[in-house]
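Summary of structural features
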Amino acid sequence: MAKKISHPCWIWYPGDMEIYHCMKQNFSREERGYDWPAYWHMDDWNKSVLFSRETELEEETTFTAYASGVGYVEINGKKYPFGKEIRCHPGIVHITALVGNMSGLPALYVEGRKIWSDTDWTVTNYLDEQPLKAGWSPLYKSRSISPEQIPYREREYHPAEEREAVSVQGNAGTLFDFGRLINGTVKPGLPPAKEVTLCYGESDLEALDEQWCYYKQTRVTEDSILRRRAFRYIFIPDVHAGEVKLTAVHTYVDIPVRASFHCDDELLNRIFDVSVETFRQCSGLFFLDGVKRDRWVWSGDAYQSYVVNPYIFFDPEINKRTLLGLRGNLGIRQHLNTILDYSLLWILGVEHQYLMTGDTEFVREIFPKAEDLIKLCLSQTGEYGFIVGRRQDWTFIDWADIDKTGPVAAEQVLFIKACETMSLLCRLIGGQDDIYRKKSCELKENLNRYFWSEEKGAYIDSYQSGKNHVTRHANIFAVVFDVASKEQQQSIVRNVLLNADIPQITTPYFKFFELDALCRLGFLDEVMERIRSYWGGMLERGSVTFWEEFDPGQNAPEQYAMYGDPFGKSLCHAWGASPAYLLGKYFLGVRPTSPGYQTYEIKPVTRFFKELDCQIPVGKETVRIILKDGEVTTETFYPED
């Protein structure tokens, strides 16, 4: 049943707040002086909705209703304006509130001693067969915090260093280094009538390139209102050190970090801490891909964030917001972010939310949208039941040389897992799962018949092309999602995962899946070495957050380039935070053994450490793991509110 709340909160049509803010988020990208809205269809939110509530009063009471939008309240057939106290007499009281908002989010806030806005209210957009339970969020409990705004907290930072420097274009000026990534605004301290140019950068080389830096603002004065941007460095040409003062205002959604990791290996401690910082930066109202370049909500990036979340925040609400914002309304016609595999990963994300929380009410709420999406996928099946992207679809998987002729093996593995997930969701809400269970069995049989190569001892990318091309991706998915048999998994280890002739993974995005697969197969020594070398390699380059992609063979300036752009690479990307998950789940050995962490296990692998003092959230509790003098002790406690 829905969570009962004992205080007023803003309420809205379920999913509308998430859709509204997701659209605003996907319109926030900026690049070299122009704005870049996301290039996919985005669902709209409802513009006019009707809230309802019925209650029986034993005595007279009053309440006041407020709205984000226009409209009125109706009590037993009599209309009242918003913002005025309404008196209700004893007996049955039928309350409705019509709220319309042409440009923003229609929402309602009611406060009173007996009547207030909570989960007992229902809402309709006039098309629903039955009214739905109103949506709400713990972020919007106060009337003063509008649901049309993001409740950012602020923290000011001053430069850790400033020095005179020369730009790539040969202009002398001052380079400010804040020593950390800032996601916020700048307050310039300038002499009267002074105008300057600000060149922002995640790296010093980017800030010093006046032509190619992503963010640049000219004619900045003391009174300029500057946009929210992500940066570590700012270069100001034509000023001397000390002539200008800068203050950075870092803005963030306050999601408490509940995990910590301290061991005798200082490099691992730094990797964990920078993973946490990377994850925090990319966690706002939604999980974002990165904070400088796209600032969009991508379903593939978000999937990994759902998995990492329990090992840093254990915050179910950001999962919900991201799932709802990504998915949009019923009647889907385009894959999420236009990417076929991202639609399938969204369905898997719903399962992760259930396993994390045990919340069947959320499953029931979101199930129609999950079923709507899987039906779109089923409509794209062809020969042997395999899913194939349409002309307008992007079959992504990873930035790698994958043979994508016809049906692609990696997509089929995700499709199998998505059908298995739909089968589980059906059972959780008391529905019939036959169609999805049978589909997953059929697909698994055909995957092995057409994509498994006995000669290669692995899954090939495509059976239609005749190339018998093997990459790591489908084979990694087959291990992570339990599609390959035990015998096939051992063959995949020999012929793919530990085979240096198979092209290596270069993105932290797929490093996540690869290292997860190796951990599942027991290769913890290999994983530990890769964590230390790969993520440690970024730290050696001076990173304060983890990057979108890292090639140890590259050095500056080419190490910052991507997509044909000299500074196209994101230096703070959500999928770079996976060491926190790998260390928490496989090396500290903390994992659920039933949905919602009603039961869980703690099995630290002590041979990797001499000392440990770590905390990992397990539902509402936190477990502390201590290793000292060869002895492991654990304790659980409830974090302070």
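The paragraphs below set out a description of the structure included in this document. (Residues numbered from 1 in each chain as written. Predicted model: local features only at pLDDT ≥ 70, side-chain atom pairs only at ≥ 80, totals over all residues. Heavy atoms only, no water.)

1. Regarding the overall build of the chain
Which entries qualify depends on this criterion: In DSSP terms, a helix is any run of H or I states spanning at least four residues, a strand is any run of E spanning at least two, and both are numbered starting from the N terminus. Relative accessibility decides the category of a residue: with a 1.4 Å probe and only protein chains considered, values under 20% of the type maximum give buried, values over 50% give exposed, and everything between is partly exposed. Contacts were defined at the residue level, with two residues in contact if any of their heavy atoms lie within 4.5 Å. When charges are tallied, Lys and Arg are placed among the positive residues and Asp and Glu among the negative ones, while His and the ends of the chain are skipped. A charge is said to be at NZ when it belongs to Lys, at CZ for Arg, at CG for Asp and at CD for Glu.
If you tally the helices and strands in the chain, you get 14 helices and 26 strands. Considering only C-alpha atoms, the chain reaches an extent of 80 × 75 × 60 Å along its principal axes. A buried classification covers 57% of the 641 residues belonging to the chain. Put simply, 72% of the contacts in the chain that link residues at least 6 apart link residues at least 24 apart. The positive charge centre, built from 71 side chains, and the negative charge centre, built from 91, are 2 Å apart in the chain.

2. So, helix 3 (residues 266–281)
Which entries qualify depends on this criterion: Each helix should span, by expectation, one fewer than its residue count multiplied by 1.5 Å.
With 16 residues, helix 3 extends 23 Å from end C-alpha to end C-alpha; this agrees with the ideal 22 Å at 1.5 Å per step. Residues of helix 3 that are buried: Leu-268, Asn-269, Ile-271, Phe-272, Val-274, Ser-275, Val-276, Glu-277, Thr-278, Phe-279 and Gln-281. Tucked inside the fold, the buried residues of helix 3 contact strand 15 (172–189), strand 19 (245–252), helix 4 (299–308), helix 13 (524–540) and helix 14 (578–587).

3. Side note on the pattern of salt bridges
Where we set the bar: Whenever a carboxyl oxygen of Asp or Glu lies within 4 Å of a side-chain nitrogen of Lys or Arg, that contact is scored as a salt bridge.
Applying the stated criterion across every chain, the model contains 44 salt bridges. Between Glu-317 and Lys-320 there is a salt bridge whose closest N-O contact spans 3.8 Å. Pair noted here: Glu-317 and Lys-320 are both in helix 5 (residues 316–327), with a separation of three residues, about one helical turn. We note a salt bridge from Asp-433 to Arg-437, for which the minimum N-O separation is 3.6 Å. Given a relative accessible area of 39%, Arg-437 falls into the partly exposed group.

4. As for the nonpolar core
The tendency in soluble globular proteins is for nonpolar side chains to be buried as a group. Quick note on the threshold: For our purposes a nonpolar core is just a set of buried Ala, Val, Leu, Ile, Met, Phe, Trp, Tyr and Cys residues, chained together by side-chain atoms within 4.5 Å.
Counting residues in hydrophobic clusters, the biggest one holds 154 residues, and the most contacted among them are Phe-261, Trp-346, Phe-481, Phe-587 and Phe-609. Those residues in contact with Phe-587, other than ones at most four positions away along the chain, are Leu-524, Val-527, Met-528, Ile-531, Leu-582, Pro-604, Val-605, Phe-608 and Phe-609. Grouped together as the second largest cluster of nonpolar side chains are 25 residues, Tyr-13, Phe-82, Val-99 and Leu-108 included.

5. Points about the sheet that holds strand 10 (residues 107–112)
Picture the strands of a sheet paired through backbone hydrogen bonds; they go either parallel or antiparallel. Heads up, the rule is: We treat two strands as partners when DSSP finds at least two bridges between them.
An order of 1-10-5-8 is seen for the four strands of this open sheet, with the pairing classed as antiparallel. This sheet does not close on itself; its edge strands, each paired only once, are strand 1 (11–12) and strand 8 (85–88). Where strand 5 (residues 61–68) lies against strand 10, six bridges are found, and the strand directions are antiparallel. Bridge pairing links Phe-63 to Gly-112 in strand 10.

6. Considerations on the environment of Gly-536
Tracing the chain through its elements places Gly-536 in helix 13. A residue is classified by how much of its surface remains accessible, and Gly-536, at 3% relative accessible area, is buried. Contact partners of Gly-536, with chain neighbours within four places excluded, come to Leu-267, Ile-271 and Ile-531.

7. Here's the deal with the packing of helix 1 (residues 16–25) against helix 5
The angle between the axes and the distance between the axes are what describe a pair of packed helices. For clarity, the cut-off: An axis is simply a line fitted to the C-alpha atoms; with a helix, the fit covers only the stretch in contact. Between two such axes, the angle follows the N-to-C directions and lies from 0 to 180 degrees. Angles are sorted into four bins: roughly parallel if under 35 degrees, roughly antiparallel if over 145, roughly perpendicular if 65 to 115, and oblique for all others. As a working rule, the residues Ala, Val, Leu, Ile, Met, Phe, Trp, Tyr, Cys and Pro are called nonpolar, Asp, Glu, Lys and Arg charged, and the rest polar, with Gly in that last group.
Between helix 1 and helix 5, the shortest axis-to-axis distance is 8 Å and the interhelical angle comes to 75°. Relative to helix 5, the element helix 1 lies roughly perpendicular. Between helix 1 and helix 5, the contacting residues are Met-17, Glu-18, Ile-19 and Cys-22 on the first element and Arg-321, Leu-324, Gly-325 and Leu-326 on the second. Partitioned by chemical class, the residues of the contact of helix 1 with helix 5 number five nonpolar, one polar and two charged.

8. Quick word on the side chain of Asp-516
In this structure, Asp-516 sits in helix 12 (residues 508–520). For Asp-516, a relative accessible area of 2% corresponds to the buried category. Once residues lying within four places of it in the same chain are set aside, the contact partners of Asp-516 are Val-480, Tyr-581, Leu-582 and Tyr-586.

9. Quick look at helix 1
Counting buried residues along helix 1, nine of its ten residues qualify, which places the element largely inside the surrounding structure. Among the residues of helix 1, those classed as buried are Asp-16, Met-17, Glu-18, Ile-19, Tyr-20, His-21, Cys-22, Met-23 and Gln-25. Elements that come into contact with the buried residues of helix 1 comprise strand 1 and helix 5.

10. Focus on the pairing of strand 10
Pairing between strand 1 and strand 10: two bridges, direction antiparallel. Bridge pairing in strand 10 links Trp-12 to Ala-107.

11. Observations concerning the sheet that holds strand 25 (residues 621–628)
What the three strands build is an open sheet, ordered 24-25-26; its pairing is antiparallel. The open sheet has two free edges, formed respectively by strand 24 (612–618) and strand 26 (631–637), since each of these has just one partner strand. Here the average twist between neighbouring strands, direction ignored, is 20°. Pairing analysis gives seven bridges linking strand 24 to strand 25, with the strands arranged antiparallel. Residue Gln-615 lies in a different strand from strand 25, and its bridge partner there is Arg-624.

12. Notes on unusual backbone geometry
Here the bond from Ala-556 into Pro-557 is cis, since omega is 5°, no more than 30 degrees from zero. Mapping Pro-557 onto the fold places it in the loop between helix 13 and helix 14. If you check the backbone angles, Arg-295 has positive phi at about 60° while not being a glycine. By secondary structure assignment, the location of Arg-295 is in the loop between helix 3 and helix 4. Positioned with a positive phi, Asp-629 is a non-glycine residue whose angle comes to about 55°. Tracing the backbone through its elements, the reader meets Asp-629 in the loop between strand 25 and strand 26. On the basis of relative accessibility, which here comes to 75%, the residue Asp-629 falls in the exposed class.

13. Regarding the packing of aromatic side chains
Put simply, the rule is: In this analysis, rings of Phe, Tyr and Trp, with Trp reduced to its six-membered ring, are considered paired at centre separations within 6.5 Å, and the interplanar angle assigns stacked below 30 degrees, edge-to-face beyond 60, and tilted for intermediate values. Placement of a charge over a ring requires the Lys NZ or Arg CZ to be within 6 Å of the ring centre, with the centre-to-atom vector within 35 degrees of the ring normal.
Tallied over the full model, the rule gives 54 aromatic pairs. The interplanar angle of 75° and the centroid separation of 5.1 Å between the aromatic rings of Phe-396 and Trp-399 together place this pair among those described as edge-to-face. An angle of 75° between the planes, with centres 6.0 Å apart, marks the rings of Tyr-509 and Phe-510 as edge-to-face. Of the two residues, Tyr-509 and Phe-510, both sit in the buried class. The positively charged end of Arg-29 is found above the aromatic ring belonging to Trp-36, 3.6 Å away from the centroid.

14. Focus on the side chain of Arg-472
Convention followed: The definition of a polar contact used here is a pair of N or O atoms within 3.5 Å, where within protein one atom must be able to donate a hydrogen and the other to accept one, and adjacent residues in sequence count solely through side-chain atom pairs.
Among the structural elements, Arg-472 can be located in helix 10 (residues 472–480). Arg-472 sits in the buried class, given a relative accessible area of 0%. A distance of 2.9 Å separates a polar atom in the side chain of Arg-472 from the backbone oxygen of Asn-499. Side-chain polar atoms of Arg-472 contact the backbone oxygen of Ile-502, separated by 3.1 Å. Excluding its chain neighbours within four sequence positions, the residues that come into contact with Arg-472 are Val-496, Leu-497, Asn-499, Ile-502, Pro-503, Gln-504, Ile-505 and Glu-514.

Purely spatial values, then, with no claim about function.
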